[in-house]
Amino acid sequence: MIENRKISTNLASAARRLVLTIALCWLTSLQVEAASPALSALRPTGGQRGTEIVIDMTGARLGDSQEVVFFQPGIAVKKLEKVNDNHVKATFAIAADAPTGIYDLRLRTATGVSELRSFAVGLLPEVSEKEPNNDFAAPQPVNLGTVINGVAENEDIDYFVFEGKKGQRVTAEVEGIRLGITHFDPYVAILDAKRFELATSDDSALVWQDGFVSVILPEDGKYTLAVRESAYAGNGGCLYRVHLGDFPRAATILPSGGKIGDKVNVTWVGDSKGPITKEVQLPAVYSETFGVFASDAAGQSPHPNIFRLSRWGNVVEAEPNDNHDQATKFAAPLALNGVIEKPGDVDHYIFPAKKGETYDVTAYARRIRSPLDPVLYIGKKGGGALVGNDDAAGPDSGFRFTAPEDGEYVVWIVDHLGKGGKEYFYRIELTPVEPRLGLNLQSEELPRGTGNVAVSVPKGGRQAMLVYASRENWGGDMKVAPENLPAGVTIEADVMPASQGVVPVLFKADKAAANAATLAKFTGEPVDPNVKLADQRFNHMTVMVHGQNLVNFWSRTVERMVVAVTDEAPYEIEVVQPKVPLVHNGSMNLKVVAKRKEGFKAPIAVTFPWLPPGIGASGGISIPEGQNEALIPMNANGGAEVRTWKLVVNGVANTATGPMMVSSQLFDLKISPPYVNLAFQAASVEQGKAVPFAVKATKAIDWAGEATVTLVGLPNKVTAAPMKLTKDTPEMVFDVKTDAASPAGSHKNLFCQVVITENGEPIVHNLGSGEIRIDVPIPPKNPAAAAPMPMPMPVAQAPAAAPPKPLSRLEKLRLEARERAAAAAKADSAPAAAPAAAPAPAEKTGGSK
């Protein structure tokens, strides 16, 4: 297994809406849960192979448990019995030849499948920690050849004492973070009777945040094993398992990969007793999870060293290879294996290449559990680097190289910080550029509360799952297909278009299908028969522990997915197939209908699990309690791809057994360009007046009948009556009327909502971008200029003239300028008013002589 790492005026109405909103938020939080059961813990967390052990499985909604589904062979379930709805007991029978390490499992109930959890299998007898054991002078006695199960509490150190012989190898490896329970950084040490540390470990590239130590004992006597949380910040969730014995453990393996199906001589470097070499038969089928165990006469390591499988053979470095002249020779394509043995070490490899030959050059170090931070280069022999890279895939490096001419080329590798040592091993693969495909499901993030990501198909019902694709060195449409589905289960899926890396897949179960589960997978096939995939893989990652800032701190990746048939759901949902397209910059309301079984009235939250780029939909939509319909508002922007998409809607409701998700049928949603394009002519008007507002129309797609066009975005106290539009109408002129209190200024958010009816349904367009300026009338400059004009003599009415042609923006500006100039000139030419008489001097009163 590879460990990886979205103001009411009526008080009663407002209250009802508040209750509905709370219900919608609660239901929406459940949408990510594919089915009802929640498995929180397994205790104990592991067991010895060749034994039977009773496991307490706790969580929520587990009372109808029917099966434990393991992703790896080696464990059978002899008994599964209910304690209560949140607790079941399972009897695990671990085969005598079961591979040791971490096993992945899910619990299947009658109504769903739980999230993924881990269980550890070891070689040695199991014992449990007994408190108090936190005093070095009073440790818990244990024997070598034991797996100790304990918990690192806050400010706690657990001490265990054992007898040892001079020259004896003692190895201790702790499983902490690898149990996938909580953020736990364990520390392990072996001390002598005088409390001197013989070996300590806090983190190791080989075992991630866990640690291991291996020593040769200097004399007969008692030795102490100490285990704690590295910062003394443990808690009740910091459970650990320590494998303590005389087994080998080495951090380095050479070569660190091999060709599928080959027999390879593998050497483990770094064990305290020295190197171990043995022949290993590699599997005939690729697996990301393959590893090899170090073993000797004294025992076997509890966990394997990761061993990379590929289609290419190996070359192992031949020292010295510190410069171009000493470079290890090879012929590409091939894999290069070596060790940066000391600080500052540089390893070189040389190969011939013809002009135009192209290779992908990829370094594997951190991905195969080496502490090396590789920096990779390639260049002509005797010259400098032509290409170099650091951190192409996390800390690992890689690049694509094309030989510029015939000649010999050198590949060399260093550590980014110039570090080195016997554990700084690496593998470099030079491979041809070939089409490859990776398929996976949405990651299951347990710390975020996303719930389980597994397929639980109700009998006679449907459930959708998103399948993601990563195309490498090719493009084009692709079909996906499942392998190993349960009896009675089928799938429906659209072709994944070249522009997308995800497609919804709909699982359907017959009503007569039996409750069961299988380990299934997806494969992909290019639609273009000329594209031949050199390699394809399927996996699914579960994030089990987060670090700071919600980063993936510990996760498990499996190469299968669980597909299960479950009991019938008490409801179904169906989308009413739209008869019209959703146009660019348009909108529609999608109707979802519920079919409820008698007595089931709970609200049903409805959402899209995925929408193509450029298409949006409102969230928080629910079919209310006791009702059967809801509308999901949808829209498309101008970048939405023009095609017919197959989409699905999910429904989540709280049932008698917990939250349950079902899916609609796959329905067609056609995305279309607008049927008409509009061009707006800017307009200006004084407050209290009217102005013609012209909009030119250009037909793009034929339609029948009249469309209704509404001018939207007008400011307050400004109106314009809707107009009609046919496919042959070249221009519309809205009569825009203002009020004396209409807000002055430029108003730029005008657009037209065009509603075309087709097949009895509306096609709603929101088109264009218009502007209208509202001016304050010019006040008279002189009171005399404002004198009323004499009433004109009545004249005979002339025949009504045709409405004037709307002026262009430039023509309007010129006319306004002439009118303003004329008004100003008229005001200046009016006779000036006579000056006012000076006031008479004031009469003196009350003054003294």
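Residue indices follow the written sequence of each chain, beginning from 1 at its first position. Where totals are concerned, whole chains, interfaces and linings use all residues; where local detail is concerned, this predicted model gives features only for residues with pLDDT of at least 70, and gives and counts side-chain atom pairs only at 80 or more. The side-chain quantities take in all heavy atoms of the structure and omit both hydrogens and water.

Visitor: Before we move on, could you go through the pattern of salt bridges and cite the residues and values that matter?
Guide: Side-chain pairs of opposite charge can arise where the charged atoms are in close proximity. Salt bridge, as applied in this entry: a Lys or Arg side-chain nitrogen positioned within 4 Å of an Asp or Glu carboxyl oxygen. One pass over the full model with this rule turns up 36 salt bridges. One salt bridge in this structure joins Glu-173 and Arg-249, with 2.6 Å as the shortest N-O distance. Taken as a pair, Glu-173 in strand β14 (residues 169-175) and Arg-249 in the loop between β19 (239-245) and β20 (252-254) lie far apart in primary sequence, 76 residues in all. Each member of the pair, Glu-173 together with Arg-249, is buried. Here the salt bridges share partners, and the residues they tie into one network are Arg-169, Asp-246, Asp-271 and Asp-296. Each helix is a run of H or I in the DSSP string that is no shorter than four residues. Each strand is a run of E no shorter than two, and both are numbered from the N terminus. Buried residues are those whose accessible area, probed at 1.4 Å on protein chains only, stays under 20% of the maximum for their type, while exposed residues exceed 50% and partly exposed ones sit between those limits.

Visitor: Help me get a handle on the sheet that holds strand β10 (residues 126-128), residues and values and all.
Guide: When DSSP finds two or more bridges between two strands, those strands count as paired. With respect to topology, 5 strands assemble into an open sheet ordered β10-β12-β19-β14-β17, the strand pairing being mixed. Strands with a single pairing partner mark the edges of an open sheet, and in this sheet they are β10 and β17 (212-216). The average undirected angle you get between the axes of adjacent strands in this sheet is 20 degrees. As paired strands, β10 and strand β12 (residues 146-151) are joined by 3 bridges and run parallel to one another. Looking across to β12, one finds that Ser-128 is bridged to Asn-149. Only the stretch in contact is used when a helix axis is fitted, and all axes are lines through C-alpha atoms; the angle between N-to-C directions ranges over 0 to 180 degrees.

Visitor: Pulling in residues and values, what's your account of the side chain of Asp-192?
Guide: Position of Asp-192 among the secondary structure elements: in the loop between β15 (186-191) and β16 (197-201). With no salt bridge to any partner, buried Asp-192 finds its closest opposite charge in Lys-194, at an N-O distance of 6.6 Å. By the criterion applied in these results, polar contacts are pairs of N or O atoms within 3.5 Å in which, for protein atoms, one can donate a hydrogen and the other can accept it, and in which residues neighboring in sequence qualify only through two side-chain atoms. One polar contact links the side chain of Asp-192 to the main-chain amide nitrogen of Lys-194, over a distance of 2.9 Å. Only 2.8 Å separates the side chain of Asp-192 from the backbone nitrogen of Phe-196, close enough to count as a polar contact. What makes two residues a contact is simply this: any of their non-hydrogen atoms within 4.5 Å. Ignoring anything within four residues of it in the chain, the contact list for Asp-192 reads Phe-136, Leu-198, Lys-222 and Tyr-223. This count recognises Lys and Arg as positive and Asp and Glu as negative, with His and chain-terminal groups excluded.

Visitor: Could you give an account of the pairing of strand β68 (residues 745-758), naming the residues involved and the relevant values?
Guide: Note: strand β64 (residues 707-712) against β68, 5 bridges, orientation antiparallel. Counted as the bridge partner of Thr-710 is Gln-753 from β68. In terms of strand pairing, β68 meets strand β69 (residues 761-775) through 11 bridges, oriented antiparallel. Residue pairing for β69: Leu-750 is matched across the bridge by Gly-770. Counted along the chain from β68 to the antiparallel partner β69, the turn is 2 residues long, and its residue Asn-759 has a positive phi close to 55 degrees.

Visitor: Hey, could you go over the sheet that holds strand β13 (residues 157-164) for me, with residue numbers and the actual values?
Guide: Within the open sheet, the 5 strands sit side by side as β11-β13-β18-β15-β16. Their pairing is mixed. At either margin of the open sheet sits one strand with a lone partner, and together these are β11 (140-141) and β16. One ladder, built from 2 bridges, connects β11 with β13; its direction is parallel. Bridging across to β13, Gln-140 finds its partner in Phe-160.

Visitor: Which residues make up unusual backbone geometry, and what values do they have?
Guide: Cis rather than trans, the peptide bond between Arg-43 and Pro-44 has omega equal to -5 degrees. Cis geometry marks the peptide bond from Ala-332 to Pro-333; its omega dihedral reads 5 degrees. With respect to the element layout, Pro-333 can be found in the loop between β30 (328-329) and β31 (334-339). Phi at Asn-484 takes a positive value of approximately 65 degrees, unusual for a residue other than glycine. One non-glycine residue, Leu-550, lies in positive phi territory at about 60 degrees. Assignment of secondary structure puts Leu-550 in the loop between β47 (535-546) and β48 (552-558).

Visitor: So what about the packing of aromatic side chains? Which residues, and what values?
Guide: Each aromatic pair joins two rings of Phe, Tyr and Trp (for Trp, the six-membered one) with centres within 6.5 Å, and gets the label stacked for planes under 30 degrees apart, edge-to-face for over 60, and tilted for any other angle. The full count for this structure, using the stated rule, is 17 aromatic pairs. Centroid distance Phe-136 to Tyr-159: 5.6 Å. Interplanar angle 85 degrees. Geometry classified as edge-to-face. Note that Phe-136 is positioned in the loop between β10 and β11 and Tyr-159 in strand β13, a separation of 23 residues in sequence. Side by side, Phe-136 and Tyr-159 carry an identical accessibility label, which is buried. Residues Trp-208 and Trp-554 carry aromatic rings whose centres are separated by 5.4 Å and whose planes lie at 80 degrees to one another, so their mutual orientation is edge-to-face. Here the residue Trp-208 occupies a position in the loop between β16 and β17, and Trp-554 occupies one in strand β48, the gap between them amounting to 346 residues.

Visitor: Can you explain the pairing of strand β7 (residues 87-94)? Please cite residues and give values.
Guide: Each regular strand shows side chains that alternate between the opposite faces of the sheet. Counted residue by residue, β7 has 7 buried out of 8 residues, so it is predominantly covered. Of the pairings in the sheet, the one linking strand β4 (residues 52-60) to β7 comprises 7 bridges and is antiparallel in character. Across the sheet, residue Glu-52 finds its bridge partner in β7, namely Ala-93. With 8 bridges connecting them, strand β6 (residues 75-84) and β7 associate as antiparallel partners. The residue of β7 that forms the bridge with Lys-82 is Val-88. Turn length for the β6-β7 hairpin, with the two strands adjacent in sequence and antiparallel, is 2 residues.

Visitor: With reference to specific residues and values, describe the environment of Met-732.
Guide: For Met-732, the position within the fold is in strand β67 (residues 731-738). Residue classification places Met-732 among the buried positions, given a relative accessible area of 1%. Sequence-wise, Met-732 and Pro-692 are 40 residues apart; in three dimensions their C-alpha atoms are separated by 9.6 Å. Sequence-distant contacts of Met-732, that is, excluding residues within four places in its chain, are made with Leu-678, Phe-693, Ala-694, Val-695, Val-709, Met-723, Lys-724 and Leu-725.

Visitor: Explain the side chain of Ser-204 to me, using residue names and the numbers behind them.
Guide: Mapped onto the elements, Ser-204 comes out in the loop between β16 and β17. Judged by its relative accessible area of 17%, Ser-204 is buried. Residue contacts for Ser-204: discarding those within four places in its chain leaves Asp-210 and Phe-212.

Visitor: Tell me about the environment of Asp-360, and please be specific about residues and values.
Guide: With respect to the element layout, Asp-360 can be found in strand β33 (residues 358-364). Classification of Asp-360 as buried rests on a relative accessible area of 9%. Considering only alpha carbons, one finds Asp-360 and Gly-398, 38 residues apart in sequence, at a separation of 7.4 Å. For Asp-360, the side chain forms a polar contact with the side chain of Arg-400, separated by 2.7 Å.

Visitor: Residue-level account of the environment of Tyr-159, with values.
Guide: Overall, the relative accessible area of 5% leaves Tyr-159 in the buried class. On a C-alpha basis, the gap between Tyr-159 and Ala-137 in space is 8.9 Å, while along the polypeptide they are 22 residues apart. Not counting the four nearest positions on each side in its chain, Tyr-159 is found in contact with Asn-133, Asn-134, Asp-135, Phe-136, Pro-139, Gln-140, Arg-195, Thr-224, Leu-225 and Ala-226.

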